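# Examination of the molecular architecture
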Amino acid sequence: MVLGLAAACGTTNAAGGGGGGGDAGPPKPGGTLRLGISSNPDCLDPQQVGTNAALNVGRQLVDSLTDQDPTNGKITPWLAEKWEVNADSTSFTFTLRKGATFSDGTPVDAAAVKGSFDGIKAIGPKAQLGNGYLAAYKGATVVDPSTVRLDFSAPSAQFLQASSTMSLGVLAPSAYRKSPEQRCQGDGLLGSGPFVFESFKSNQQIVITKRKGYAWGSPLWKHTGEAYLDRVEFRVVPEPGVRTGSLASGQLDAITDVQPVDEPQFAGNGFTEPVRANPGIVFNLHANTTRGVLTDVKVRQAVLKGVNRREVTDTVLTKNYKPASSILGSATPLHLDLSKELAYDPDGAKELLDEQGWAPGPDGIRVKDGTRLSARIVFSLVFNQNQSVLELVQQQLRKIGFDLRIEQRTTAETQQLTLAGDYDYIWYNTTRADADILRQLYSTKAGNRSKLAAGNPLDAALDKQAATVDEATRKPAVEEAQRVIIEQAYAVPVFELTQVWGLGPKTHDVAFEASSRMRLFDAWLAG
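Residues numbered from 1 in each chain as written. Predicted model: local features only at pLDDT ≥ 70, side-chain atom pairs only at ≥ 80, totals over all residues. Heavy atoms only, no water.

## Comments concerning the pattern of salt bridges
This structure, assessed with the given rule, holds 29 salt bridges. Residue K305 is joined to D345 by a salt bridge in which the shortest nitrogen-to-oxygen separation is 3.7 Å. Taken together, the residues span a long stretch of sequence, with K305 in helix α7 (residues 297-306) and D345 in the loop between α8 (309-315) and α9 (346-355) at a distance of 40 residues. Look at K305 and you get partly exposed, because its relative accessible area is 25%. Here D314 and R310 are joined by a salt bridge, their closest N and O atoms 4.0 Å apart. Within this pair, D314 and its partner R310 are both found in helix α8, separated by four residues, close to a single helical turn. You can call D314 exposed: its relative accessible area is 53%. Taking relative accessible area as the criterion, R310 reaches 49% and is therefore assigned partly exposed. (Salt bridge = Lys/Arg side-chain N within 4 Å of Asp/Glu carboxyl O. Helix = DSSP H or I, 4+ residues; strand = E, 2+ residues; numbered from the N terminus. Buried < 20%, exposed > 50% of the residue type's maximum accessible area, 1.4 Å probe, protein only.)

## Structural notes on helix α6 (residues 240-248)
Burial in α6 covers these residues: P240, R243, T244, S246 and L247. Down the axis of α6, the smallest arc covering the buried residues is 160 degrees, so these residues share one side. Looking at the packing, one finds that the buried side of α6 touches β2 (32-37), β12 (254-255) and β23 (502-503). (Arc of directions from axis to C-beta. Contact = heavy atoms within 4.5 Å.)

## Concerning the state of the cysteines
Chemically, a disulfide is nothing more than a covalent bond linking the sulfur atoms of two cysteines. Summed over all chains, the structure comprises one disulfide. The side chain of C43 participates in a disulfide bridge whose partner is C184; the two sulfur atoms lie 2.1 Å from each other. Where C43 bonds to C184 through sulfur, the torsion about that S-S bond is close to -80 degrees, and the disulfide is left-handed. Here C184 lies in helix α5 (residues 180-184) and C43 lies in the loop between β2 and α1 (52-61), a separation of 141 residues in the sequence. (Disulfide = S-S within 2.5 Å.)

## Regarding the sheet that holds strand β18 (residues 374-379)
Read across the sheet, five strands follow the order β19-β18-β20-β14-β21 without closing on themselves; strand pairing throughout is mixed. Unpaired on one side and paired on the other, β19 (403-408) and β21 (491-495) mark the two borders of the sheet. Direction aside, the axes of adjacent strands within the sheet are offset by 30 degrees on average. Pairing of β18 with β19, which is carried by six bridges, proceeds in the parallel orientation. Counterpart to R376 in the pairing with β19 is R405. In this fold helix α10 (residues 386-398) packs onto β14 (280-287), β18, β19, β20 (425-431) and β21, with an angle of close to 165 degrees to the strand it touches most, β19. (Pairing = 2+ DSSP bridges. Axes fitted to C-alpha atoms, helices over the stretch in contact; angles between N-to-C directions.)

## Details of the sheet that holds strand β16 (residues 366-368)
If you trace the three strands from one edge of the open sheet to the other, you get β15-β16-β17, paired in antiparallel fashion. Two strands bound the open sheet, and with one partner strand each, they are β15 (359-360) and β17 (371-372). Pairing of β15 with β16, which is carried by two bridges, proceeds in the antiparallel orientation. Across the sheet, residue A359 finds its bridge partner in β16, namely V367.

## Observations regarding the packing of aromatic side chains
Taken as a whole, this structure holds 22 aromatic pairs when the rule is applied. Ring centres of Y214 and W216 lie 4.9 Å apart, and the angle between their planes is 55 degrees; on these two criteria the pair is classed as tilted. An angle of 70 degrees between the planes, with centres 6.3 Å apart, marks the rings of Y321 and F495 as edge-to-face. Of this pair, Y321 sits in the loop between α8 and α9 while F495 sits in strand β21; the two residues are 174 residues apart in sequence, bridging distant segments of the chain. (Phe/Tyr/Trp six-rings, centres within 6.5 Å; stacked < 30°, edge-to-face > 60°.)

## Details of the nonpolar core
Among the nonpolar cores identified, the biggest contains 73 residues, and F402, Y425, W427, Y442 and F495 are the most heavily contacted of them. The residues contacting F495, other than those within four sequence positions of it, are V282, F283, V312, T313, L317, Y321, K322, P323, A324, F383, V389 and W427. The next biggest cluster of nonpolar side chains, apart from the first, holds 72 residues, and it includes L61, L160, L189 and M518. (Core = buried A, V, L, I, M, F, W, Y, C linked by side-chain atoms within 4.5 Å.)

## Observations concerning helix α11 (residues 411-420)
Residues lying three or four places apart along an α-helix face the same way, a consequence of the helix completing one turn every 3.6 residues. Three or more residues of α11 are buried, namely T414, L417 and T418. Mapping the buried residues of α11 onto a view down its axis gives an arc of 100 degrees, with all of them on the same face. Opposite the packed face of α11, turned more than 90 degrees from it, sit the exposed residues Q416, L419 and A420. Looking one or two places after α11, you find G421, whose phi comes out positive at around 70 degrees.

## A closer look at the packing of α7 against α9
Contact geometry for α7 and α9: axes closest at 8 Å, N-to-C directions at 165 degrees. Taken as axis vectors, α7 and α9 run roughly antiparallel relative to one another. In this structure, α7 meets α9 at a crossing whose hand is left-handed. Residues K298, V299, Q301, A302, K305 and G306 of α7 form the contact with α9, whose participating residues are P346, G348, A349, L352, L353 and E355. Grouping the constituent residues of the contact of α7 with α9 by class yields six nonpolar, three polar and three charged. (Parallel < 35°, antiparallel > 145°, perpendicular 65-115°, else oblique. Left-handed = near helix turned anticlockwise from the far one by under 90°. Nonpolar A, V, L, I, M, F, W, Y, C, P; charged D, E, K, R; others polar.)

In structure tokens, the structure reads:
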């Protein structure tokens, strides 16, 4: 199967960006973008990190073999001008474009690509996202200087989309002469991207500068040649009020992570708010089906019916946030709209619980054989509104007689509990612009967060979608997987995480890529 070949350059990306008030005329090169970010990136190497703050920096430094169109999810050329995939998606052969170089002047050739993928595999779990993408990676073969073949031990259709991410962005051979820890701090962090690393002061700022002579950008970008901006200063400003105040006063040109309470400040008055929902797994209550009352599918289904998603977005969030319509976010390729199945139905929930013998107790919480209808949910404050959302969901579920006990933990503690399976429900979301994220989290051969038995119907659908890049075959399998997850209430989807940025009047064309992370190649500042 041969895929790829270049699309026309200069395509307008409808997925986001913009900024400034009125028509500022044609883009102007030059200037320094002062960008406020909400957290300190402990590591800058995009091959190692998983946080938005870090990936937003890393995306500017590295190019990828392919790109993904945010408007339709299609995979398009970038460093590779075309590719072939074998019948069972275990072998991917990329033909590289000519002329691309790393910032140290060495060519982006097949040997460099092999070295980069081997390097990601070698650091194992330190590659927080790439380790999963390359779980079945066996190795790469240099066919000739412009052709590289990557082989996998199991069907890996997801790899084609993964090859578009910054987590599998290609680093120069010289980068691997530095340790992973050194690359985290920017030492030896050499890519072929439109910007180059300059400096990193922890908890203060990261500085990147324009790559001179850059001429191999993605055809999805709005212009060709070098980036417009001379310099970008990512300034670490954790406090949301300080971040928004700095944008309003002109001390910053743009900010990430505008909180719902602050959104009205930047709706008009020369400011703009680029907004895009994250693809991947929505924020959800993910059930451990081997624990307590959640072993009963009828109880899980009652909880699913007892959550009012629209009330959550209307009350705690804003119009920029969407109620979940599936376990996958609506920006995810092959998303299936299951809004009807997720409709708020408290009467239906009560009927299910009545059928199972759960009777209301003196405090309103249902009881059966001396056991309260109760489950614990573990969460961390990776999103500022998480606690408020869960407190509202807790109130909603009390109305059907279900006691949701909320337990806040640190992000590290939550990750440990997840790995150990020590939860009734766990609250999280995961960003990825490919439906294979379902296999990574639900398959009994992978994350298996629902603790399902091997050979279940969900496994079959997830295996089928993993075996082909052919959408005609893959789509029905992905849709079946979404249906099973909702029908069995393995998870209770609640809302889609949304990226909301604030851009000052002079800031233009700060854009989203397909994973709703930042792309600064087309960004520019008015005079």
